[in-house]
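Listed below, chain by chain, are the residues.
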Amino acid sequence: MALEIVRIPALSDNYIWLIHDKRADKTAVVDPGEAAPVLAELKRRSWKLNAILNTHWHPDHTGGNAALKAETGAVIIAPSGEGTRIPGADWLAGGNNKIKVGQHVAHILEVPGHTAGHIAYHFADDQMLFVGDTLFAMGCGRLFEGTAEQMFGNMQLFAKLPPETQVYCAHEYTQANGRFALTIEPDNEALQARMAEVDALREAGEPTVPTTIGAELATNPFLRAESAEQLAERRAAKDAF
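Think of each chain on its own: its residues are numbered from 1, step by step along the sequence as written. Side-chain atom pairs in this predicted model are given and counted only at pLDDT of 80 or more, local residue features only at pLDDT of at least 70, and totals for whole chains, interfaces and linings cover all residues. Water and hydrogen atoms play no part in the side-chain values, which are based on all heavy atoms of the structure.

Asks: I keep staring at the overall build of the chain and nothing clicks. Help me out?
Replies: Put simply, DSSP H or I for four residues or longer makes a helix, DSSP E for two residues or longer makes a strand, and each gets a number counted from the N terminus. For the chain, the helix and strand inventory stands at 8 helices and 14 strands. Between the two quantities, the radius of gyration covers C-alpha atoms and the globule rule is 2.2 Å times the number of residues to the power 0.38. Here the C-alpha atoms of the chain give a radius of gyration of 17 Å, agreeing with the 18 Å that 2.2 N^0.38 yields for 241 residues. Dimensions of the chain, computed from C-alpha atoms along their principal axes, come out at roughly 50 × 40 × 30 Å. Exposed residues in this analysis have more than 50% of their type's maximum accessible area, buried residues have under 20%, and partly exposed residues fall in between, with area computed by a 1.4 Å probe over protein chains only. Every one of the 241 residues in the chain was classed for burial, and the buried ones make up 51%. Long-range pairs, those at least 24 residues apart, make up 59% of the contacts in the chain with a sequence separation of at least 6. Each accessible area is a Shrake-Rupley result for a 1.4 Å probe, and residues are judged covered by the shown protein chains and nothing else. Of the roughly 10400 Å² that the chain leaves accessible, carbon and sulfur atoms contribute 50%. A contact between two residues is defined here by any heavy atoms of the two lying within 4.5 Å.

Structure (structure tokens):
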């Protein structure tokens, strides 16, 4: 039975993701920047929260941890390299680890760059990838604590995944990312078509994520970068865009 995924808008442009295994009646939440909307959604669906999955330490991804743990007793799973920066972490996850939501297994991918210890959760059998702030629709995370070489390695890792893999990123940045992408590849027809779809969705107030690895391979200038140097140039240009 497939995992059920619920998108919860939070803060100004964050997305919090609920992951639910109906058969096992187990639920996890990814990167809860605040607790209130998560608790409201859990109550509405009569789900019990079992685990909090953090991809990195930034407050807009961990701000709801303490309240959710206090209210539900959920365990906090944090990146092994950032445990001291995530208060209340119960279990630290690194690249050789796996976690389970009910009967569904996620492999931990180490994807430093945005932060030094950033991780992603890859439910390979479900073809789902929760990437935090590493990969965005038509974008990638800013290099706050890591290097372009690290981010390029992450992009290479993601590019090898099946194209139908659903990518659950943590922000609604797609429209701005797409506008920048068009400055890199103005003649990319797939990108032009995608931007038309994105503009229509945003005009209607609709979300643009999740995306897929296949869509990103066709339109994302960072996933399409041919070297770490090229990615660094594009990231610097995007930072000033």
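Asks: When you look at the sheet that holds strand S2 (residues 14–21) in this model, what are you seeing that I'm missing?
Replies: Think of a sheet as strands paired side by side through backbone hydrogen bonds, with each pair either parallel or antiparallel. For two strands to count as paired, DSSP must find a minimum of two bridges between them. Spatially, S1-S2-S3-S4-S5-S6 is the arrangement adopted by the 6 strands of the open sheet, whose pairing is mixed. Two strands in the sheet have a free side with no partner beyond their single neighbour: strand S1 (4–10) and strand S6 (91–93). Shown here is a sheet whose adjacent strand axes are inclined to one another by a mean of 25°, direction ignored. Looking at chain direction, S1 and S2 are connected through 7 bridges and run antiparallel. Directly across from Pro9, in S2, lies its bridge partner Tyr15. On top of the sheet, helix H1 (residues 36–45) reaches S1, S2 and strand S3 (26–30); it is set at about 140° to S1, its chief contact. Between N-to-C directions, angles span 0 to 180 degrees; the directions come from axes that are lines fitted to C-alpha atoms, helices contributing only their stretch in contact.

Asks: How do you make sense of the pattern of salt bridges when you look at a structure like this?
Replies: Pairing of side chains with opposite charge becomes possible as their charged atoms draw close. What counts as a salt bridge is simple: a side-chain nitrogen of Lys or Arg found within 4 Å of a carboxyl oxygen of Asp or Glu. The final tally for this structure, using the stated rule, is 10 salt bridges. The residue Asp90 makes a salt bridge to Lys69 at a minimum N-O spacing of 3.0 Å. One end of the pair, Asp90, is in the loop between strand S5 (75–79) and S6; the other, Lys69, is in helix H3 (residues 65–72), with 21 residues separating them in the sequence. Measuring nitrogen to oxygen at the nearest pair gives 3.9 Å for the salt bridge that ties Arg202 to Glu172. Here Glu172 lies in the loop between strand S13 (166–169) and helix H5 (174–184) and Arg202 lies in helix H6 (residues 189–203), a separation of 30 residues in the sequence. Judged by relative accessible area, Glu172 falls into the buried class, the value being 13%. Through salt bridges with shared partners, a single ionic network connects Glu4, Glu41, Arg44 and Arg45.

Asks: I tried to follow the pairing of strand S9 (residues 119–123) on my own but got confused; where do I start?
Replies: Regular strands place their side chains on alternate faces of the sheet. Most of S9 is tucked away, with 5 of its 5 residues classed as buried. Of the two faces of S9, both are covered, the one formed by Ile119, Tyr121 and Phe123 as well as the one formed by Ala120 and His122. Across 4 bridges, the pairing between strand S8 (residues 104–110) and S9 is antiparallel. Considered in S9, the bridge of Ile108 is made with Tyr121. As paired strands, S9 and strand S10 (residues 128–132) are joined by 3 bridges and run antiparallel to one another. Directly across from Phe123, in S10, lies its bridge partner Met128. The turn linking S9 back onto S10 is made up of 4 residues, and Gln127 within it adopts a positive phi angle of 55°.

Asks: For this particular structure, what's the right way to read the sheet that holds S8?
Replies: A sheet is described by the order of its strands in space; here 6 strands give the open sequence S7-S8-S9-S10-S13-S14, paired in mixed fashion. Of all strands in the sheet, those bounded by a partner on one side alone are strand S7 (98–101) and strand S14 (211–212).

Asks: Got a minute to help me understand the pairing of S2 in this structure?
Replies: Counted residue by residue, S2 has 8 buried out of 8 residues, so it is predominantly covered. Residue alternation in S2 divides its side chains into two sets, Asn14, Ile16, Leu18 and His20 and Tyr15, Trp17, Ile19 and Asp21, and both sets are buried. Linking two consecutive strands that pair antiparallel, namely S1 and S2, is a turn of 3 residues; a positive phi of about 50° is found at Leu11 within it. Both S2 and S3 contribute to a ladder of 5 bridges, which runs antiparallel.

Everything listed here is a matter of geometry and, on its own, says nothing about what the molecule does.
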